[in-house]
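Examination of the molecular architecture
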Amino acid sequence: MIHRGIGPEAHTASLFPGESLIADRSGLAAAVWVEKMKSWRVTLLPGVLEAARNTAMLVISADVAEAVRHTLEGEYRPSEFPAQIASRGAEADWFVSPESAADFDG
């Protein structure tokens, strides 16, 4: 079980859009410099996220409504919307506040 969230730009697990580590399916974890926050973070890599038997996405912020819509309804482009990694199948459960789902039709 992996518990994750989503940011306004559809980042998750400290994987931000355009991050080269989004293509890494062999590693377990890595340090990531997040320029926006001027800090290092440690992230699980996509192979680990995809190997989880279940993923719980907790979403409670109004500023992520568009990111939620792109993640769940948009074309699969994880380099642009990293939250799409291991979050759209039956193994993922979404817990979404009404504000976070404002742009979501499904």
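Look up a bit, the structure's there.
Residues numbered from 1 in each chain as written. Predicted model: local features only at pLDDT ≥ 70, side-chain atom pairs only at ≥ 80, totals over all residues. Heavy atoms only, no water.

1. Brief notes about the nonpolar core
Of all hydrophobic cores here, the largest spans twelve residues; its members are Ile2, Leu15, Phe16, Leu21, Ile22, Ala30, Val32, Val34, Leu45, Leu49, Ala52 and Ile85. Broken down by element, the residue count for this core peaks at three residues, all from strand β2 (residues 29–34). When residues no more than four places from it in sequence are discounted, the contact partners of isoleucine 2 are Leu44, Val48, Leu49, Ala52, Asn54, Thr55 and Ala56. Ranked by size, the runner-up nonpolar core spans eleven residues in total, among them Met57, Val68, Ala92 and Trp94. (Core = buried A, V, L, I, M, F, W, Y, C linked by side-chain atoms within 4.5 Å. Buried < 20%, exposed > 50% of the residue type's maximum accessible area, 1.4 Å probe, protein only. Helix = DSSP H or I, 4+ residues; strand = E, 2+ residues; numbered from the N terminus. Contact = heavy atoms within 4.5 Å.)

2. What about the packing of aromatic side chains?
Tallied over the full model, the rule gives one aromatic pair. Ring centres of tryptophan 33 and tryptophan 40 lie 5.6 Å apart, and the angle between their planes is 65°; on these two criteria the pair is classed as edge-to-face. On the basis of relative accessible area, tryptophan 33 is assigned to the partly exposed category, the value being 37%. Note on tryptophan 40: relative accessible area 60%, which makes it exposed. (Phe/Tyr/Trp six-rings, centres within 6.5 Å; stacked < 30°, edge-to-face > 60°.)

3. Concerning the sheet that holds strand β5 (residues 92–96)
Strand pairing in a sheet relies on backbone hydrogen bonds. The paired strands run either parallel or antiparallel. Judged by pairing direction, the sheet is parallel, and its three strands sit side by side in the order β1-β4-β5 without closing on themselves. What marks the edges here is a single partner per strand, and that holds for β1 (2–4) and β5. Each adjacent strand pair in this sheet contributes to an overall mean axis angle of 15°, direction not counted. Across five bridges, strand β4 (residues 55–59) lies against β5 in parallel orientation. (Pairing = 2+ DSSP bridges. Axes fitted to C-alpha atoms, helices over the stretch in contact; angles between N-to-C directions.)

4. Comments concerning the side chain of threonine 12
Among the structural elements, threonine 12 can be located in the loop between β1 and β2. The class for threonine 12 is buried, based on a relative accessible area of 1%. Among the polar contacts listed, one links the side chain of threonine 12 to the backbone oxygen of glycine 5, at a separation of 2.7 Å. When residues no more than four places from it in sequence are discounted, the contact partners of threonine 12 are Arg4, Gly5, Met57, Pro82 and Ala83. (Polar contact = N/O pair within 3.5 Å; in protein donor to acceptor, adjacent residues only side chain to side chain.)

5. Here's the deal with the pairing of β2
Because side chains alternate across β2, one face comprises the buried residues Ala30, Val32 and Val34, and the other comprises Ala29, Ala31 and Trp33, none of which is buried. The pairing of β2 with strand β3 (residues 39–44) spans six bridges and is classified as antiparallel. Its bridge partner lying in β3, alanine 30 is registered against threonine 43. Where β2 folds back on β3, the antiparallel hairpin that results is connected by four residues, among which lysine 38 adopts a positive phi of roughly 50°.

6. Thoughts on the pattern of salt bridges
Using the criterion set out here, one finds five salt bridges in the structure. For arginine 77, the salt bridge goes to glutamate 75, with nearest N and O atoms at 3.6 Å. A residue is classified by how much of its surface remains accessible, and arginine 77, at 29% relative accessible area, is partly exposed. The shortest N-O distance in the salt bridge between arginine 77 and glutamate 80 comes to 2.9 Å. Bridged by salt links that share partners, the residues Glu75, Arg77 and Glu80 form one connected network. (Salt bridge = Lys/Arg side-chain N within 4 Å of Asp/Glu carboxyl O.)

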